[in-house]
Each structure stands twice: as C-alpha cells, then as structure tokens.
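Read off the chains here:
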Amino acid sequence: MVKESFKIIESAYGKAGVKILHVSQQGSVHTIRELEVETSLTLNNHKDYERGDNSDIIATDTQKNTVYILAKQYGISSPEEFGLILANHFISKYPWVVKAKVTLSAHPWQRVTDTAGRPHNHAFVSTPLSVRVASVLLIRGQMPVVSAGIRDLRVLKTTQSAFVNFVSDEYRSLPDFKDRLFSTIVTADWTYGKINQELDFDSAFSTAHASVLEVFAGPADKGIFSPSVQNSQFLTQKMILEKIPQVEQISISMPNVHYFGFDLSKFPRIPGLEGKCSGDVYLPVDKPSGQITSTLARGMITSKL
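Residues numbered from 1 in each chain as written. Predicted model: local features only at pLDDT ≥ 70, side-chain atom pairs only at ≥ 80, totals over all residues. Heavy atoms only, no water.

Trainee: Mind laying out unusual backbone geometry, listing which residues take part and the relevant values?
Mentor: Going from Lys287 to Pro288, the amide bond is cis rather than trans, its omega being -5°. We note that Gln160 has phi near 65°; this positive angle belongs to a residue other than glycine. Its identity is not glycine, yet Asn165 carries a phi of approximately 65°, on the positive side. Within the element layout of this structure, Asn165 appears in the loop between strand S7 (145-157) and strand S8 (182-192). Exposure remark for Asn165: the relative accessible area of 69% places this residue in the exposed category. (Helix = DSSP H or I, 4+ residues; strand = E, 2+ residues; numbered from the N terminus. Buried < 20%, exposed > 50% of the residue type's maximum accessible area, 1.4 Å probe, protein only.)

Trainee: Quick rundown of empty space enclosed by the protein? Include the residues and the values.
Mentor: Enumeration according to the criterion identifies two cavities of 30 Å³ or more in this entry. Considering the residues around the largest cavity, the lining is formed by Val155, Val186, Val212, Val215, Phe216, Ser232, Thr236, Ile252 and Met254. Elements supplying a minimum of two residues to the lining of the largest cavity: helix H4 (201-217) and helix H5 (229-243). Here the lining of the largest cavity gets three residues from one element, more than from any other, and that element is H4. (1 Å grid on protein atoms, 1.4 Å probe; cavity = no way out; pocket = protein on both sides within 12 Å on 5 of 7 lines; lining within 4 Å. Points joined across faces, edges and corners; volume = space filled by probe spheres on them.)

Trainee: Let's hear about helix H2 (residues 60-74): which residues, and what values?
Mentor: For H2, with 15 residues, the first-to-last C-alpha span of 21 Å sits near the 21 Å given by 1.5 Å per residue. Buried within H2 we find Gln63, Thr66, Val67, Leu70 and Ala71. An end-on view of H2 places all buried positions within 125° of arc, on one side of the element. Turned more than 90 degrees away from the buried face of H2, the exposed residues are Lys72 and Gln73. Looking at the buried side of H2, the elements it contacts are strand S1 (13-26), strand S2 (29-43) and helix H3 (79-93). Where H2 terminates, the next one or two residues include Gly75, which has phi positive at roughly 75°. (Expected span 1.5 Å × (residues − 1). Arc of directions from axis to C-beta. Contact = heavy atoms within 4.5 Å.)

Here's what the structure looks like:
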C-alpha cells in the first residue's frame, strides 16, 4: 500500500495594516510621510507549521515594532527607500529568513498654501487625488525587486473620445460613439529594472503620475483625442518607459466608468427637453463595466552599424 505524503510548497507570514506617521524637521520646515506597511517573511523551514515549533518565528508583533524602530533610526525618505531598509533588515538580521516582502501605501498630503501663495512650513492638507503604492521583494542572494504604482486615480473628460469600428455581429447592441464621455479609474504598477544613483523614487512617481494625466487630457485648450481606452493605455505606458529609463515594465488597468445619457424622451409633455437646455444629463452606471488591462515592457534594443 502506497502511503500518501504531503509537502508545503509555499508559506509566508507577516503583519498587515501597520500605520505610521513620520515627521522630520529641517530648521523651521517640517516634512511628513504617512504610510501603511505590510511585511511578509518566508523561512528556510516549515517546523512551525509541521511540528508547532515556534523557535524561528519572528513574531508579527516584532515585525510591527521593527517598522517604527527603523523609521526612527533611518527616517522615511520615500516608500521605496523605506521598503528597502525593512527588507534588508529582515534578511540581514535573521539568517533563516529566505524572502522578505514589504508593501507600502502612502497617504497623500500636501502643504497648505497661505494667502501669499507660500507653502506652509508645518501645516498640511489631505489631497486624496490618488494613492501611491510601493513594493520591495528581497530573496536571499538576489537583488531586490522594487515596484511602485498608482491606485484610485479617477479621471473623466467630456469629449475628445470615441469608440467606433469594432466587431459587428448578431451579439452586438452597442452603437458607434464618435464623441463620448470617457471616464476610468487608473491602476498602474511598474517595476524598476535597475536601482542606481540617478533614480529618485519621488521624482519617478511624479513623472509617471503626470504622464497618465498628460496622455488622458492633453493640452488644456484643445485636449487630445482618444480612439479607445486601449490606445490611451498604450501611449501612457510608452511615455512612462521613455521618460523613466530605470522602469523595466509597466502594467495598467483602466476599467470603463460608464455615464450613459439619460433618456428624456419618456417625458414628452415637458417642452424643450430634446434641446440643449442647460446642458446634458448622464446616468452614472458602475456595473457591469469593461476591463482593459495590459503590460508594456522594454524590447530588445538593436543597433545598426
């Protein structure tokens, strides 16, 4: 009789939802960073799972304490830099840790501007335009993999968008839209292929964020035409790869956030509703929605002699 055996092929444990506010001071100017951190460690053995032997476990509460202690010791210059500090600490201090993953999200704060247009030294306002995220994966004996991204960047434009000439068969009910309202919630994740002295994580994030808005909106007076969400997505990814040479690849998700014109023909006894009146009226519809995703990576570079 063959005895069946079992093997743990994947394991990790850590602490989620570790919230921290770090305040640094240079003269009279204060700078703040507010993060939510998650740590995850993988060990070189499974005796805690298989035998209940906890002797190698770095308690999740210890991991939480480490976040605060290292922030006090080294500060938080950026989510990515702090993630690298944490991951390196767990790998270097505990020889039996073979993999450390740190994920971080940053609360968006901006300095208050006073009546003279000056940025305030120590007063800030929450500006939830989007959420900045970062991730550091460090496997013992390998180089760290650093990723960054954007969450919840909701954008909308009322013209300069179309969707025409798609497949027309017996299942189609959607008409061609030569001019439509375009809205989406952008999720983006990019991976840095190389970490060098020229890479400024804050600057890179700002560049990527600005690129999303530039491709979506275009110049303020004229805008920019979008033939599809897919094309806008590709052009955004291409711009980010061109502007940030350290980025190796970028994935973007842009679900359709639909606003359908409200059918006012149901009210024939009210005059003037067929005209422009005060403007157009739309019905927001969140589900179902189209989901458009893609990943753009750098291809092989060939030189012509």
